[in-house]
Amino acid sequence: MHDDIPLTVGRATRVLTERIRPAIHSGAVPLEVGWHALPGESIPPADGLALDFEPYAVGTPWGPAWNTTWFRLRGQVPAEWAGKRAEILVDLGFDINMPGFQCEALVYRADGRPVKSINPRNQWIPVSATEIDLYLEAAANPVLLDYHPFLPTQEGDVQTSSKRPLYTTRRMDLVLFDEQVHELSLDIDVLLELQSVLPATAPRRMRILQALDDALDALDLQDISGTARDARARLEEVLAAPAEHSAHHVSAIGHAHIDSAWLWPVRETIRKVARTAAGMTELMEIDPDFRYGMSSAQQYAWLKEHRPEVWERVVTAVKDGRFIPLGGMWVESDTVMPTGEALVRQFTYGQRFFREEFGVESQGVWLPDSFGYSPALPQLIRRAGFEWFFTQKISWNQVNKFPHHTFLWEGIDGSRVFTHFPPMDTYNSQLSGAELAKATNQFRESRVASHSLAPVGWGDGGGGTTREMTGRAARLRNLEGSATVAWEHPNDFFATARAEMPHPPVWVGELYLELHRATLTSQHRTKQGNRRSEHLLIEAELWAATAAVHAGQPYPYDEIDRLWQQVLLHQFHDILPGTSIAWVHREAVAAYERIYSDTAALIESAQRALVGAGSSVITLNPAPFARGGVPALGAGAAATPAPTSTFSGNVISNGIVSVTISDEGLITSAIDLATGREALAGEANLLQLHQDFPNMWDAWDVDRFYRNRVTDLRAVESLVRTDNAVTIVRAFSKSRVTQTLTLAPGSRVLRIDQETDWHETEKFLKIKFPFDVRAEQVAAETQFGYQKRVTHTNTSWEAAKFEASMHRFVLVEEPGFGAALVTDSTYGYDVTRDSTEDGVTTTVRLSLLRAPRFPDPETDQGRQTCSYGLVIGASVKEATEAGLDLNLPPRVVTGEHGFDPLVSLTGEGLLISSVKLADDRSGDVIVRLYESLGRRATGSLHLHLPVTSAHTATLLERPEGNPLPITGDGISLHLTPFEVRTIRLTR
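About the thresholds
- Residues numbered from 1 in each chain as written.
- Predicted model: local features only at pLDDT ≥ 70, side-chain atom pairs only at ≥ 80, totals over all residues.
- Heavy atoms only, no water.
- Pairing = 2+ DSSP bridges.
- Helix = DSSP H or I, 4+ residues; strand = E, 2+ residues; numbered from the N terminus.
- Core = buried A, V, L, I, M, F, W, Y, C linked by side-chain atoms within 4.5 Å.
- Buried < 20%, exposed > 50% of the residue type's maximum accessible area, 1.4 Å probe, protein only.
- Contact = heavy atoms within 4.5 Å.
- Arc of directions from axis to C-beta.
- Salt bridge = Lys/Arg side-chain N within 4 Å of Asp/Glu carboxyl O.
- Axes fitted to C-alpha atoms, helices over the stretch in contact; angles between N-to-C directions.
- Parallel < 35°, antiparallel > 145°, perpendicular 65-115°, else oblique.
- Left-handed = near helix turned anticlockwise from the far one by under 90°.
- Nonpolar A, V, L, I, M, F, W, Y, C, P; charged D, E, K, R; others polar.
- Phe/Tyr/Trp six-rings, centres within 6.5 Å; stacked < 30°, edge-to-face > 60°.
- Lys NZ or Arg CZ within 6 Å of the ring centre and 35° of its normal.

**Thoughts on the sheet that holds strand E27 (residues 657-661)**
Here is step 1 of the chain: Strand order in the open sheet made by the five strands is E25-E26-E27-E28-E29, with antiparallel pairing throughout. Because the sheet does not close on itself, it has two edges, and the strands there are strand E25 (646-648) and strand E29 (677-678).

Now the structure itself:
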């Protein structure tokens, strides 16, 4: 036979596009439209329904950026439509290629009940009565990630956005919906996509093409409605052919991946969640098989508080098992930068909300879109009681293709969690033929398994699954030539996958994303706010618990919950990484200021109760080790070290270390006096400025070529020496940096406090420390321990890690000697091996500031502060303590007396991470501790409070196993490397 394939495909494509889909709706009757444009922020739906409406003509521009317009639709279904299905079509000025990124609306009935959402890919509204009286809360969200993406824009903040209308409506009509034509469109759509991914001459493909020709022959293009049924009949046989026995199976779950903030502010996310949830519960009424999953307890909490009418529908759907709470976290957070305690709280607050509101808990962690995953995470996932982990973001790697889709992920302590990456490489599947073929062809474990997971729906800005997607799923349930598809709970998928793969492959260590590396640096104020808030809240819990036990002061449960939830929200993976619009980060900085103030008030209240009224100087030590004679986690009179730091010429010394600072303000020598060992291999404290213009994703990315252009900032405007400090001022370009270098008595840390008046564009500021250390690896702190990364670039995997993450320290070490950098508010660094005549040295550079222009053109502009330190002669122990010391400064108050800590800990490498009262408000004391050095450890937890029993507990604070034996005042401990242990003490 002649090759008529292109002819058939072209014919079917054109008829589908130009004749069939337009015929799904017919008989348009314009509705009577009224409108009311709000001058400022949105209002509650009840107030919107009560507005006065003026007549509106379709085609009139509406909606300045971030404004809300309420539309009222009124009309009557024509009598001659009786027995037929009517719908309303609304086009607010949509671009169908921008779902989730532009205007949207939530439809309400006159009594305030929500109907569904409308958006670019979901423009229909059901009609349930002959009299129509509906209201649209329409949001004019500007498109910021446009066809030419990453262009600087002032539209990302309501304070700077334009006032011109952004959208023009095209239709608001009552129409007839032709179900047979709709079904025909889906039949042809699915078959067209399926044939396109089949082998060129496959018999199955030929049969599909012939069936398409036969169907189109039966279709009268001037009477689509009258001949659609006949056309569908010609397709029945090819649509009924069952899938092969070995066909790949896709477990589909409805999804919208609503970013809790990104190219829209938090207030708009609240409305996006309401729109999407309303739309998904409406879709459940249409398709009884459909299931939808939504993560983030915060988003459910928003519904409950702000949209109770939508919340009621969600509660019912959750009870029916159709609307599935996923992930067990407060938000889909970043997992690289939050401290370990914050990640624990993501789990405890998330699971608590799901348990209290729905009576369910998530069995797995759902994080499709975070920018890399900490190697501490597997242990935390398992100790929180989760059984599986899901993501897909590693498919975005620039260089290396991840070798597994279903595997065990092993963390720094050896814990393993069953993990799946969808081989579709998307969390916004449309169930297209190409996606299903990709899942089949890419699935790395297909020798032993046949199942993968697919989140289905328009995402990022919400919208979710459409009836077209559920229609595709119905046809793909068991279709020859295709992967099979079924709506399934993710728990069921993971159970099946685990049964298929009793011995899965293992990936050890971090899931490093070879992209978005600059998220460790962008929006410094947001990152600084996170770091300080985390530490302040952990400290507030410590002193509040101590005051509750020692002084009988009520524990501020509600206030601590409120503050933690604010911190956890801002750890969302587009807020903490610094990749949101200006509005989001402006509000984040303001939120952190409130958190500081409110947390400080909690700390002050607890301290007053603990130290009493008096004039004695009392030092409170929130660190997990003694300082200045004050016990860890307790308070007393601190010993005052002798002022042994002295300056002689350019050399400052305190009897422990000696540091030489040149007239350029550079550190030219740093000697550990006990060994005589020089730590530096060249000039340190050298600020370096790079050109920084990545190929795309400005706030997210730094590309390797940024290193090719660098300016050393050596010029000194002033340099002033005092007894134990040097203050240096440098001016460059449009910016100015002031550094104060201090060497405290008794310390091996040269502290650097830096203030930068930053006014650069597309620049990257780093600070360089070349170490005379031949380090095969660096140790960078992560949650509850550290991770090691090699310093060489032997393979593409190592070369791709040219920017990496740290928490409070990064350490370079060779046998017998090491040096470290500690930081109070930065997270990024890079490391290089350098060859000299004397051997190999190691250079570490901290990443300080960036100046990308998208999505916030003013990123990091203005005054910025940070503190960091050079630890001279350091092991992991010294680096850990120096990092904690910098981030947990002692508090000096006046009072009558000090006080003992609630607990104290002995054992090399063992540290207490937090002390608090139990979330269940029983009054039990929760103590979390961990092994910090990466080796087995023994020790004792000493109790300084009356206790009736003690148990090991999960991270959710549930007792496990038999009570722990208490001998004298202590509990014996045996921990494996990097083990996190939670102990629950019943008073």
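**Looking at the nonpolar core**
Here is step 1 of the chain: Among the nonpolar cores identified, the biggest contains 192 residues, and Ile188, Phe323, Phe347, Phe389, Leu941 and Leu985 are the most heavily contacted of them.
Here is step 2 of the chain: Once residues within four sequence positions are removed from consideration, leucine 941 is found in contact with Val903, Ser904, Leu905, Ile912, Val927, Leu929, Asp969, Gly970, Ile971, Leu973 and Ile983.
Here is step 3 of the chain: Counting 47 residues, the second largest nonpolar core, distinct from the first, contains Leu741, Val778, Val810 and Ile872.

**Here's the deal with helix H5 (residues 224-233)**
Here is step 1 of the chain: Of all the residues in H5, the buried ones are Ile224, Thr227, Ala228 and Ala231. Along the long axis of H5, the arc covered by the buried residues comes to 135 degrees, so they all point the same way.
Here is step 2 of the chain: Elements that come into contact with the buried residues of H5 comprise helix H1 (5-20), helix H3 (179-197) and helix H4 (203-217).

**Digging into the pattern of salt bridges**
Here is step 1 of the chain: Within the structure shown, the criterion is met by 73 salt bridges.
Here is step 2 of the chain: The salt bridge partner of aspartate 217 is arginine 11, with a shortest N-O separation of 2.8 Å. Here arginine 11 lies in helix H1 and aspartate 217 lies in helix H4, a separation of 206 residues in the sequence.
Here is step 3 of the chain: In this structure, the salt-bridge partner of aspartate 492 is arginine 291, at a minimum N-O distance of 4.0 Å. Separated by 201 residues along the polypeptide, aspartate 492 in helix H14 (residues 490-500) and arginine 291 in the loop between helix H7 (266-286) and strand E14 (292-295) bring together distant segments of the chain.
Here is step 4 of the chain: You can call aspartate 492 partly exposed: its relative accessible area is 43%.
Here is step 5 of the chain: Salt bridges here are not isolated pairs; linked through shared partners, they connect Glu41, Glu104, Glu137, Arg267, Glu268, Arg271, Lys272, Arg275, Arg307 and Glu309.

**Focus: the sheet that holds strand E8 (residues 114-118)**
Here is step 1 of the chain: What the six strands build is an open sheet, ordered E3-E2-E5-E10-E7-E8; its pairing is antiparallel. Each having just a single partner strand, strand E3 (54-55) and E8 make up the two edges of the open sheet.
Here is step 2 of the chain: As judged from the six bridges shared by strand E7 (residues 104-109) and strand E10 (residues 131-139), these two strands associate in the antiparallel manner. Looking across to E10, one finds that valine 107 is bridged to leucine 136.
Here is step 3 of the chain: Each of E7 and E8 is contacted by helix H9 (residues 308-319), which is oriented at about 95 degrees to E8, the strand it contacts most.

**Describing the packing of helix H16 (residues 557-569) against helix H17 (residues 582-611)**
Here is step 1 of the chain: Look at H16 against H17: their axes get within 11 Å of each other, and the N-to-C directions meet at 155 degrees. As summarised for this structure, H16 and H17 are arranged roughly antiparallel, according to the angle between their axes. Crossing hand, H16 versus H17: left-handed. Here Glu559, Ile560, Arg562, Leu563, Gln566 and Val567 of H16 lie close against H17, whose contacting residues are Ala591, Ile595, Asp598, Thr599 and Leu602.
Here is step 2 of the chain: In terms of residue class, the contact of H16 with H17 is built from six nonpolar, two polar and three charged.

**Points about the packing of aromatic side chains**
Here is step 1 of the chain: According to the stated counting rule, one finds 47 aromatic pairs in the structure shown.
Here is step 2 of the chain: On the basis of an interplanar angle of 5 degrees and a centroid distance of 4.2 Å, the ring pair of tryptophan 388 and phenylalanine 494 is categorised as stacked. With tryptophan 388 in strand E17 (residues 388-390) and phenylalanine 494 in helix H14, this pair connects stretches of sequence that are 106 residues apart. Here tryptophan 388 and phenylalanine 494 have matching classes, each one buried.
Here is step 3 of the chain: Plain terms: the ring middles of phenylalanine 402 and phenylalanine 407 are 5.2 Å apart, the flat faces sit at 50 degrees to each other, and that makes the pair tilted.
Here is step 4 of the chain: Take phenylalanine 402: its relative accessible area is 8%, and that puts it in the buried class.
Here is step 5 of the chain: Judged by relative accessible area, which is 0%, phenylalanine 407 ranks as buried.
Here is step 6 of the chain: Every member of this aromatic cluster is reached through a ring pair, and the members are Tyr292, Tyr300, Trp311, Phe323, Trp330, Tyr349, Phe353, Phe354 and Phe358.
Here is step 7 of the chain: For lysine 272, the ring lying beneath its charged end belongs to tryptophan 264, and the centroid distance is 4.4 Å.

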